[in-house]
Amino acid sequence: MNNESAAEDIVKRRAIFYRSFGIYAEVGGFYDYGPIGLRIKRKIEEAWRKLFPEGMGLLEVETSIVLPEVVLKASGHLATFTDPVGVCGSCHTSYRLDKLLEEYYEANGDGEGLGGVKKLKLNDLAARISSVGIKCSKCGGSIGNPENFNLMFKTQIGQKGTEIAYLRPETAQGIFVDFKDIYRAYGLKLPCGISQVGKVFRNEISPRQQLVRVREFTQMETEIFIDKEAGFGSFGGVDFKKIEAERISFARRGEEEGSEYTIRSLLDDGSIPNEYFAILLYKEKELVDLLGIGKERYRFRQLEKEELPHYSMGNIDLEVKTSYGYIEVAGNAHRSDYDLSSHAKLSGEDLSVLSNEKKVLPHVIEASIGVDRLLFSVIDGAVRDDGRGWKLLALNSSVAPYEYAVFPLQKDDGLIKKAKEIHEGLGARRICSFYAEAGSIGKRYARADEIGIPNAITVDFDTLKDGTVTIRDRDSSKQVRKSIDELLRAT
Ligand code: GAP
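What counts and what doesn't
Residues numbered from 1 in each chain as written. Predicted model: local features only at pLDDT ≥ 70, side-chain atom pairs only at ≥ 80, totals over all residues. Heavy atoms only, no water. Pairing = 2+ DSSP bridges. Helix = DSSP H or I, 4+ residues; strand = E, 2+ residues; numbered from the N terminus. Axes fitted to C-alpha atoms, helices over the stretch in contact; angles between N-to-C directions. Contact = heavy atoms within 4.5 Å. 1 Å grid on protein atoms, 1.4 Å probe; cavity = no way out; pocket = protein on both sides within 12 Å on 5 of 7 lines; lining within 4 Å. Points joined across faces, edges and corners; volume = space filled by probe spheres on them. Nonpolar A, V, L, I, M, F, W, Y, C, P; charged D, E, K, R; others polar. Domains from an automatic or database assignment. Buried < 20%, exposed > 50% of the residue type's maximum accessible area, 1.4 Å probe, protein only. Polar contact = N/O pair within 3.5 Å; in protein donor to acceptor, adjacent residues only side chain to side chain. Near = heavy atom within 4 Å. Areas by Shrake-Rupley, 256 points an atom, 1.4 Å probe, with all protein chains shown as cover. Phe/Tyr/Trp six-rings, centres within 6.5 Å; stacked < 30°, edge-to-face > 60°. Lys NZ or Arg CZ within 6 Å of the ring centre and 35° of its normal. Parallel < 35°, antiparallel > 145°, perpendicular 65-115°, else oblique. Left-handed = near helix turned anticlockwise from the far one by under 90°.

**Overview of the sheet that holds strand β7 (residues 143-150)**
Working step 1: Strands sit in the order β6-β5-β7 across an open sheet of three strands; the sheet is antiparallel. The two strands at the open ends of the sheet, each matched to only one other strand, are β6 (94-96) and β7. Pairs of neighbouring strands in the sheet enclose a mean axial angle of 35 degrees, with direction left out of account.
Working step 2: In terms of strand pairing, strand β5 (residues 82-88) meets β7 through six bridges, oriented antiparallel. Note on β7: the bridge partner recorded for T82 is N150.
Working step 3: Relative to β6, helix α5 (residues 97-107) is tilted by about 70 degrees, and along the sheet it contacts β5, β6 and β7.
Working step 4: Sheet strands in contact with helix α7 (residues 122-132) are β5 and β7, and its direction is about 150 degrees off that of β7.

This is the structure:
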């Protein structure tokens with residue numbers, strides 16, 4: 001496996017994102033976003049908001065990050081949100097057993113072995129690791145003591161700390177717990193949807209591959225609540241005729257690779273469980289298309305039974321091909337009434353609602369998208385090296401941190417004044433631009449290319465005479481001359 005991502009160099013040098021607490025001893029799995037990374041992240045969240053909650057007319061909430069133990073007992077996370085772990089008998093390094101075995105099979109090109117890992121239970125994983133001879137990569141010791149390790153971060157509430165709580169491992173639980181109040185307060189009817197974007201926490205055993213497996217990350221989740229007995233009419237303002245004719249790359253259970261199918265054919269053969277699920281997949285396709293992840297880089301994959309999360313009766317995940325191979329970017333699940341019925345049982349509250357004059361405990365279809373993996377996938381696929389002496393990030397305007405860079409050609413009071421006027425003029429039109437005057441113009445172009453800014457505006461001495469500037473296109477590095485008025489009018 002390639003251990004370097006295509007964008008690693010740019011990401012480091014331009015501090016797009018970087019390890020947290022870097023000046024102290026290394027603690028893996030936590031990343032900070034620098035100014036450029038943060039702008040890209042916000043753009044991804046904005047694109048999602050426009051397509052999901054706002055685009056489908058759903059509601060968005062923000063719920064607590066700290067959850068009392070009872071919530072996670074009901075949700076099943078306390079008992080089952082675990083990964084299989086083994087520990088080196090000599091140096092006590094911990095390993096996630098399924099990932100360790102997968103890496104071994106990948107390195108040995110053993111597709112059959114690799115495909116079988118998902119089906120192995122804890123003790124079988126440990127036995128296989130021992131039989132194929134995998135040892136601790138740090139000291140060569142034997143890996144043993146297998147256990148199912150719970151991934152949640154535990155904490156305590158209050159001064160005495162008697163009440164146990166956990167940092168939420170998904171945003172969804174807040175939505176389920178609040179569902180009935182929101183339903184009532186907003187006069188909702190089934191089907192309806194509630195979204196949330198926010199931080200979640202998982203104490204991953206072996207965080208790795210930059211943002212791909214971290215311990216603190218952001219999810220954008222949408223839960224659609226349905227009456228499973230009612231037929232499908234319409235939902236989310238979408239034209240379902242158009243959606244069902246859409247072709248997507250899809251790997252059915254047991255298939256290694258994705259093939260092209262219409263959404264209609266996947267509904268007909270039961271691979272996609274219902275129309276609501278189909279709408280969420282289509283929306284995800286719209287999102288990745290908008291963010292510039294090419295069609296050839298992503299697929300939907302129906303998970304094997306053994307891979308399903310404890311709450312799911314069927315998952316179809318969105319996977320994107322990156323320098324680290326395919327990674328799961330979104331987990332889409334048919335959660336049935338699993339969550340609402342468990343919360344109803346443990347809280348004693350009736351969480352059913354009235355639908356067509358009868359009481360219904362809604363079933364839930366979920367789209368859970370990881371912002372950080374999506375951001376990583378976007379950047380990883382955008383690196384181009386076309387012999388300029390530096391690499392560029394060919395980001396779509398939808399995710400570029402700025403649409404324009406504004407540069408005075410050199411350090412000259414007149415040029416600087418004019419360049420700042422343009423920078424501020426763009427700002428007044430709510431277009432945030434990137435201004436820089438330090439360094440040669442070549443170095444500034446390089447920097448703008450590396451952080452993915454599509455257009456660089458340069459103010460030179462002709463600008464002062466005739467009010468025109470050069471606009472340099474990032475991808476072709478071609479320059480055209482335009483009047484400032486024309487430029488600002490077009491924005
Ligand atoms: N509520 C459903 C849920 O949480 P999930 O498949 O466990 O489903 C959803 O997570 C998404 O969250 C994943 O598709 C991925 O994008 C992101 N994610 C999960 N674990 C992650 C990790 N350790 N680091 C970065 N992103 C992660």
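**Things to note about the layout of surface pockets**
Empty space among the atoms becomes visible once a probe the size of a water molecule is rolled across them.
Working step 1: Of the voids in this model, the second largest pocket is the one considered here, and its volume is about 470 Å³.
Working step 2: Lining the second largest pocket are 21 residues, with T93, S94, Y95, S206 and R208 positioned closest to its centre.
Working step 3: Elements with a minimum of two residues in the lining of the second largest pocket: β6, α5 and β7.
Working step 4: Here the lining of the second largest pocket gets four residues from one element, more than from any other, and that element is α5.
Working step 5: By residue class, the composition of the lining of the second largest pocket is eight nonpolar, four polar and nine charged.
Working step 6: Counting contributing residues per domain, the lining of the second largest pocket is built from domain 1 (34-78 + 153-380) and domain 2 (86-150), each supplying no fewer than three.

**Re the environment of P191**
Working step 1: Considering the arrangement of structural elements, one finds P191 in the loop between α8 (172-185) and β10 (192-201).
Working step 2: For P191, a relative accessible area of 27% puts it in the partly exposed group.
Working step 3: With 205 residues separating them in the primary sequence, P191 and N396 have C-alpha atoms 34 Å apart.
Working step 4: The residues contacting P191, other than those within four sequence positions of it, are F225, I226, S234, F235 and Y276.

**Side note on the side chain of Q196**
Working step 1: Mapped onto the secondary structure, Q196 falls in strand β10.
Working step 2: Among the polar contacts made by the side chain of Q196, one reaches the main-chain carbonyl oxygen of T171 at a distance of 3.1 Å.
Working step 3: Apart from the residues lying within four places of it in its own chain, the contact partners of Q196 are W48, E60, V61, E62, T63, R168, T171, I175, Q219, M220 and E221.

**So, the site of the ligand**
Working step 1: Taken together, 20 residues sit near the ligand, with E170, E204, E221, E328 and V329 positioned nearest.
Working step 2: Between the ligand and V214, the relevant distance is 2.9 Å, taken from a nitrogen atom to a main-chain nitrogen or oxygen of the residue.
Working step 3: Interatomic distance of 3.4 Å between a backbone N/O atom of A330 and an oxygen atom of the ligand.
Working step 4: Relative to its unbound accessible area of 550 Å², the ligand is 93% covered by the protein chains.
Working step 5: Mapped by element, the contributors of at least two residues to the shell around the ligand are β11 (216-226), β16 (325-336) and β19 (363-370).

**A short note on helix α15 (residues 441-450)**
Working step 1: Summarising burial for α15: seven of the ten residues are buried, a large majority.
Working step 2: Among all positions of α15, only I441, R444, Y445, A446, A448, D449 and E450 are buried.
Working step 3: Looking at the packing, one finds that the buried side of α15 touches α1 (8-13), β21 (392-393), β22 (404-408), β24 (455-459), β25 (468-473) and β26 (479-483).
Working step 4: Positioned one or two residues after α15, G452 has a phi angle of 85 degrees, which is positive.

**Looking at the domain arrangement of the protein**
Working step 1: Domain annotation of the protein identifies domain 1 (34-78 + 153-380), domain 2 (86-150) and domain 3 (402-490).
Working step 2: Of note, the centres of domain 1 and domain 3, computed from C-alpha atoms alone, are 41 Å apart.

**Regarding the packing of aromatic side chains**
Working step 1: Taken as a whole and judged by the stated rule, the model has 16 aromatic pairs.
Working step 2: Ring geometry for Y104 and Y105: centres 5.4 Å apart, planes at 65 degrees, overall edge-to-face.
Working step 3: Their ring planes at 75 degrees and their centres at 5.6 Å tell us that F235 and Y276 sit as a pair that is edge-to-face. One end of the pair, F235, is in the loop between β11 and α9 (240-245); the other, Y276, is in helix α11 (residues 275-290), and 41 residues separate them in sequence. Both residues of the pair, F235 and Y276, count as buried.
Working step 4: Every member of this aromatic cluster is reached through a ring pair, and the members are F176, F179, Y183 and F225.
Working step 5: Note that R335 overlies the ring of Y311, its terminal NZ or CZ placed 3.6 Å from the centroid.

**Some remarks on the packing of helix α2 (residues 35-51) against helix α13 (residues 371-380)**
Helices that pack against each other are described as a pair by the angle of their axes relative to one another and the distance between those axes.
Working step 1: In contact at an axis separation of 10 Å, α2 and α13 are set at 110 degrees when each is read in the N-to-C sense. Of the possible angle classes, the one that applies to α2 and α13 is roughly perpendicular. At the point where α2 passes α13, the crossing takes the right-handed sense. On the side of α2, the interface is formed by G37, I40, K41, I44 and E45, while α13 contributes V371, D372, L374, L375 and I379.
Working step 2: Among the residues making up the contact of α2 with α13, the classes are represented as six nonpolar, one polar and three charged.

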